[in-house]
Amino acid sequence: MREDAEGRCRRKVLSGRERYRRYLIRMFWLGIFLMAGFTVYYVERRIPSRLNVVANEQETFDFALPFEVTMLSDSEAVVLGSESGIPANEIRLKAEEPLSLYVKQEGTYRLGMKLFGKILFKEIELDASGTQYAIPCGTPVGIYLKSRGIMVIGTGRITNEAGEETEPAYGVLQSGDYIEAINGEPLQDKEALITNLNRIGESEALLRIRRGGVQMEVQMSPVKAADGSYKLGAWVRDDTQGIGTLTYVDENGSFGALGHGISDSDTGDVVEIAEGALYETEILGVEKGAAGNPGVMAGVIYYGPGTQLGTVKANTENGIFGTVNDKLEHSLQGKAMEIGYQQDIRKGQAWIRSNVSGVLRDYEIEIQRIDYNPIQVNKSLLIRVTDPDLLRITGGIVQGMSGSPIIQDGKLVGAVTHVLVNDPTRGYGIFIENMLEH
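Residues numbered from 1 in each chain as written. Predicted model: local features only at pLDDT ≥ 70, side-chain atom pairs only at ≥ 80, totals over all residues. Heavy atoms only, no water.

Caption draft 1: Focus on unusual backbone geometry. Its identity as a non-glycine residue notwithstanding, Asn-183 has a phi of 50°, on the positive side. Mapped onto the elements of the fold, Asn-183 is located in the loop between β13 (178-182) and β14 (185-186). (Helix = DSSP H or I, 4+ residues; strand = E, 2+ residues; numbered from the N terminus.)

Dropping the structure here:
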């Protein structure tokens, strides 16, 4: 009995040691897994997947990686270098050592990045072009956009001629849909939709809609409302307008503005447009921003053939784009400035150009963070307004200043896009190269 008890005790001790050993092994592999995950995440955030460079100019990239990597190119036109100064098509970079790069001719190339010289874990697209120039603007403009189709904002109830409530569009139409045609007849605006519904009456209507970029057809029966008109039970809109800031005009007369898309105020979706225009605007006043209450530029847009400044061709997540007319082009102030790419940007002093006071001038800001792979492209820069004059006028960044060009070291590098609601002195910006790639 005594030997049996001692044996059981030894087995318990061994069993406890075995469990502890297995626990240590599991923790070791968990640590390896977490370290690998952190490395991938860090690299994705620190190293862009695409780089724009100027051909025949020396470029320097400071990736600030905490570990050794090997960079390699797929073309003899791309010459790599490091602090050693020895050019090659494959070099080893020590931790936090900058990469020197020279591209002999314009084109698209690929750079590979190996971890510890063995594991290929990142590829970078390299686009080389000539030096680009654009005029930084900073002037407010009125913007009018006509949607491509009739936007569905939401569905609602209708009181029919019998006094009963009904909701015919519920479950058929969705917020964010675009109605393109009814019974095969294309629709130009919401008035055309109303006219067609009253002509159809209680007959079934076949609607061609666009949902998430996909066309489809749905059937509905219009309802005769208490006022005698026929309705679908949907809130719709066919245009949108607002005031924003013109960012740049390039040498071809093309413009970029806002640095973010114009979204519908109800759905929050970027409006899919058929056409649009820029118009003269007058800023009547500025409501200063405060914590929890973003400020705003208040003004009036002058619509008319003599006040149009250009045409809008695209409304995207990175801004609105189009072509200016002679009137706007002749009124531009300032000279064309070289475009600066993300590798040219550094933390510290920079400037934003704005006409918020009624006079076009540059205001001092501080670039606090540079994010090469942000979740939202138009939040690549974190900036803070430091100029006392701008703080006195606006309190920082206000609505309507989106698109104000960001200038650093004599180059146009970005545009203001957002304000932080709880701190109007700070906001976000977009790399100008992302706007130019629209």
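Caption draft 2: Representation of the packing of aromatic side chains in the model. As enumerated under the stated definition, the model contains two aromatic pairs in all. Judged by centre distance (6.1 Å) and plane angle (80°), the ring pair of Tyr-144 and Tyr-303 falls under edge-to-face. One end of the pair, Tyr-144, is in strand β10 (residues 140-155); the other, Tyr-303, is in the loop between β22 (296-302) and β23 (308-316), with 159 residues separating them in the sequence. Accessibility expressed as a relative area gives 22% for Tyr-144, which makes it partly exposed. Between Tyr-279 and Tyr-303, the ring centres sit 5.0 Å apart and the planes meet at 75°, which makes this aromatic pair edge-to-face. Here Tyr-279, found in strand β21 (residues 273-287), pairs with Tyr-303, found in the loop between β22 and β23; they are 24 residues apart in sequence, far enough to count as distant. Judged by its relative accessible area of 45%, Tyr-303 is partly exposed. (Phe/Tyr/Trp six-rings, centres within 6.5 Å; stacked < 30°, edge-to-face > 60°. Buried < 20%, exposed > 50% of the residue type's maximum accessible area, 1.4 Å probe, protein only.)

Caption draft 3: Structural detail: the sheet that holds strand β6 (residues 99-103). Pairing in this open sheet of three strands is antiparallel, and the strands run β2-β6-β4 from one edge to the other. The open sheet terminates on both sides in strands that have one partner only, identified here as β2 (58-61) and β4 (78-81). This sheet shows a mean twist of 25° between the axes of neighbouring strands, independent of strand direction. Bridge count for β2 against β6 is four bridges, and the pairing is antiparallel. (Pairing = 2+ DSSP bridges. Axes fitted to C-alpha atoms, helices over the stretch in contact; angles between N-to-C directions.)

Caption draft 4: Representation of the side chain of Asp-264 in the model. As for its position among the elements, Asp-264 is in the loop between β20 (254-257) and β21. A relative accessible area of 3% means that Asp-264 is categorised as buried. If we ignore the near neighbours within four places in the chain, the residues touching Asp-264 are Met-151, Ile-153, Arg-237, Asp-269 and Val-271. (Contact = heavy atoms within 4.5 Å.)

Caption draft 5: Structural context of the nonpolar core. Counting residues in hydrophobic clusters, the biggest one holds 25 residues, and the most contacted among them are Phe-63, Met-71, Leu-99, Leu-101 and Leu-126. Put simply, the parts of the chain that give this core at least two residues each are β1 (50-54), β3 (69-73), β4, β5 (90-93), β6, β7 (107-115) and β8 (119-129). The element contributing the most residues to this core is β7, with four residues. (Core = buried A, V, L, I, M, F, W, Y, C linked by side-chain atoms within 4.5 Å.)

Caption draft 6: Representation of the pattern of salt bridges within the structure. Following the criterion strictly, the structure yields 23 salt bridges and no others. Between Arg-110 and Glu-123 there is a salt bridge whose closest N-O contact spans 3.3 Å. Taken as a pair, Arg-110 in strand β7 and Glu-123 in strand β8 lie far apart in primary sequence, 13 residues in all. Judged by its relative accessible area of 43%, Glu-123 is partly exposed. Salt-bridge contacts for Arg-353 lead to Asp-362; the nearest nitrogen and oxygen are separated by 2.7 Å. The partly exposed category is assigned to Asp-362, whose relative accessible area is 29%. Among the ionic contacts, a cluster of salt bridges with common partners joins Arg-148, Glu-180, Arg-208, Arg-210 and Glu-272. (Salt bridge = Lys/Arg side-chain N within 4 Å of Asp/Glu carboxyl O.)

Caption draft 7: Molecular detail of the sheet that holds β7. One open sheet holds the five strands; their spatial order is β1-β8-β7-β3-β5, and the pairing between them is mixed. The two strands at the open ends of the sheet, each matched to only one other strand, are β1 and β5. The mean inter-strand angle of the sheet, taken between neighbouring strand axes irrespective of direction, is 25°. Relative to β7, β3 is paired through five bridges, and the arrangement is antiparallel.

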